[in-house]
Amino acid sequence: MKRFAIFILFSACWVSHASAYLVGFDQVSLYTESDRPVKASVWYPSQTTFPVERIAENAAFLGTDVVRVGTPMPGQFPLVVISHGYRGNWRNQNWLATKLAQEGYVVASLDHPGTTSFDHSPQAAAQWWQRAGDLSRLLDWLLNESYLLPNIDANNVTAIGHSLGGWTVMLLAGAQFDRDQLKQECGLNASPRVCGLMPELGLDQPQIGEPSGSLQDTRIKRVVSLDLGLARSLSRQSLQALTTPTLILAAGVDIGDLPQTEESGFLAHYIPTKNRRYIVYPDAAHFSFMQLCKPNAIAMLEEEVPGDGIVCQDGNERSRDELHQVMYRDIMHFLKTS
């Protein structure tokens, strides 16, 4: 009986694993002739099984295994676009993109000029509205020009963003930047981690070419905010009028000057309850939404740049891998029910 039970357990695990799609992966340079070229990364269900390659891995962080430029699986799949955080990059949410592609999603991300690990251009960083525009241009390519066009369900598009990326996808959902409100909020509570970025991101004063009004992209049917920052710069009125279904995921461990009550909690307070879901992970920190860290990562990062080890620090209860499993479950429930 015991041997039979073990066989059943093994069979169940094999079936579960076999039901997941293999993940194809590709990278494409877009708008190379424009003044804001971007590099896009794309994950998708693949029908080919090789060549397998490990991506997004380095001395500090774990990557994932994908099929490099695999042949897309026939059929149409929901689309997810992902926006990284301040001075982050496409690798940060590679763990999530890979899981989504295994589940049967086409996923695309890019590096935002000026606010990515690879580009600190002050001019590009100060064009705060361009981050939302980057994702809209990515959608233009995916839904009009890309080789994945036959594989995308254009009526089922989600935008996910971490940190500054969360703020970015909220703009795409219909929230609007309010400079006067932000200045007032920073006058009351001058958080260095948030308010200190105002000059660099062009939020302290009007910028050349700055748009007025909404940056909403109606092709996006729902958004997911992963422990966003700068929430208090989003006008209360626009949040109250928001109709795009929104999942707000927040880290309960404050890394300093970024309490979720003043960021994710601000969104949850003003977005109508019927249009949002709000979950706080009490043992997650701001960077728990990034990729898994290797065992020696904190010491290595601290040696290179004192203070950088914080990106691999979580709460003292669940591991980052365990947190990812719960986060993914909550995200998938939202994607399938909203």
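Draft legend 1. Highlighting the overall build of the protein. The helix and strand inventory of the protein stands at eleven helices and ten strands. The C-alpha atoms of the protein give a radius of gyration of 20 Å, which matches the 20 Å a tight globule of 338 residues would have. With the principal axes as the frame, the protein shows a C-alpha extent of 70 × 45 × 45 Å. For the protein, the residues scored as buried account for 53% of the 338 residues in total. Carbon and sulfur atoms form 54% of the exposed surface of the protein, whose accessible area is close to 15,100 Å². Considering the protein, the positive charge centre built from 27 side chains and the negative charge centre built from 35 side chains are found 7 Å apart.

Draft legend 2. Focus on the packing of helix α4 (residues 130-144) against helix α5 (residues 164-173). At a minimum axis separation of 9 Å, α4 and α5 run at an interaxial angle of 70 degrees. When the interaxial angle is binned, α4 and α5 end up roughly perpendicular. Viewed along their axes, α4 and α5 form a crossing whose handedness is right-handed. In contact with R131, A132, L135 and S136 of α4, α5 contributes L164, G165, T168, V169, L171 and L172.

Draft legend 3. Region of interest: the sheet that holds strand β10 (residues 276-281). Spatially, the ten strands line up as an open sheet ordered β3-β4-β1-β2-β6-β5-β7-β8-β9-β10, and their pairing is mixed. Looking at strand neighbours, the two that pair on one side only are β3 (52-55) and β10, the edges of this open sheet. Looking at each pair of strands side by side, their axes are set apart by 25 degrees on average, direction ignored. Bridge count for strand β1 (residues 22-30) against strand β4 (residues 64-68) is two bridges, and the pairing is parallel.

Draft legend 4. Quick peek at the pairing of strand β6 (residues 106-110). Burial analysis of β6 places five of its five residues in the buried class, which makes it a mostly covered element. Burial along β6 is two-sided: V106, A108 and L110 facing one way and V107 and S109 facing the other are all buried. Relative to β6, strand β2 (residues 38-46) is paired through four bridges, and the arrangement is antiparallel. Its bridge partner being in β6, W43 is matched across the sheet by V107. Relative to β6, strand β5 (residues 77-83) is paired through five bridges, and the arrangement is parallel. Bridge pairing in β6 links V81 to A108. In this view, the connection linking β5 to its parallel neighbour β6 by way of helix α2 (residues 94-103) has right-handed handedness.

Draft legend 5. Local environment of the state of the cysteines. With the rule as written, the count across this model stands at two disulfides. Across a sulfur-sulfur distance of 2.0 Å, C186 and C195 are joined as a disulfide pair. Sign of the S-S torsion, about -90 degrees for the bond between C186 and C195, identifies this disulfide as left-handed. For C186, a relative accessible area of 10% translates into the label buried. For C195, a relative accessible area of 11% translates into the label buried. The disulfide bridge from C293 ends at C312, spanning 2.1 Å between sulfur atoms. Looking down the S-S bond of the C293 and C312 bridge, the torsion is -90 degrees, so its handedness is left-handed. Here the residue C293 occupies a position in the loop between β10 and α10 (297-304), and C312 occupies one in the loop between α10 and α11 (320-337), the gap between them amounting to 19 residues. By sequence order of its bonded cysteines, the protein has the disulfide arrangement 1-2, 3-4.

Draft legend 6. Structural detail: unusual backbone geometry. In this structure, the amide linkage connecting F50 to the following residue, P51, adopts the cis form with an omega of 0 degrees. Among the structural elements, P51 can be located in the loop between β2 and β3. The phi dihedral of S163 is positive, around 60 degrees, even though this residue is not glycine. You can see S163 is positioned in the loop between β7 (152-162) and α5. Since its relative accessible area comes to 13%, S163 is described here as buried. A positive phi angle is found at D227, which is not glycine, with a value near 50 degrees. Topologically, D227 is positioned in the loop between β8 (222-226) and α8 (236-240).

Cut-offs used in this document
Residues numbered from 1 in each chain as written. Predicted model: local features only at pLDDT ≥ 70, side-chain atom pairs only at ≥ 80, totals over all residues. Heavy atoms only, no water. Helix = DSSP H or I, 4+ residues; strand = E, 2+ residues; numbered from the N terminus. Rg over C-alpha atoms; globule rule 2.2 N^0.38 Å. Buried < 20%, exposed > 50% of the residue type's maximum accessible area, 1.4 Å probe, protein only. Areas by Shrake-Rupley, 256 points an atom, 1.4 Å probe, with all protein chains shown as cover. Lys, Arg positive; Asp, Glu negative; His and termini not counted. Charge placed at Lys NZ, Arg CZ, Asp CG, Glu CD. Axes fitted to C-alpha atoms, helices over the stretch in contact; angles between N-to-C directions. Parallel < 35°, antiparallel > 145°, perpendicular 65-115°, else oblique. Left-handed = near helix turned anticlockwise from the far one by under 90°. Contact = heavy atoms within 4.5 Å. Pairing = 2+ DSSP bridges. Right-handed = clockwise from strand over helix to strand, strands pointing away. Disulfide = S-S within 2.5 Å.

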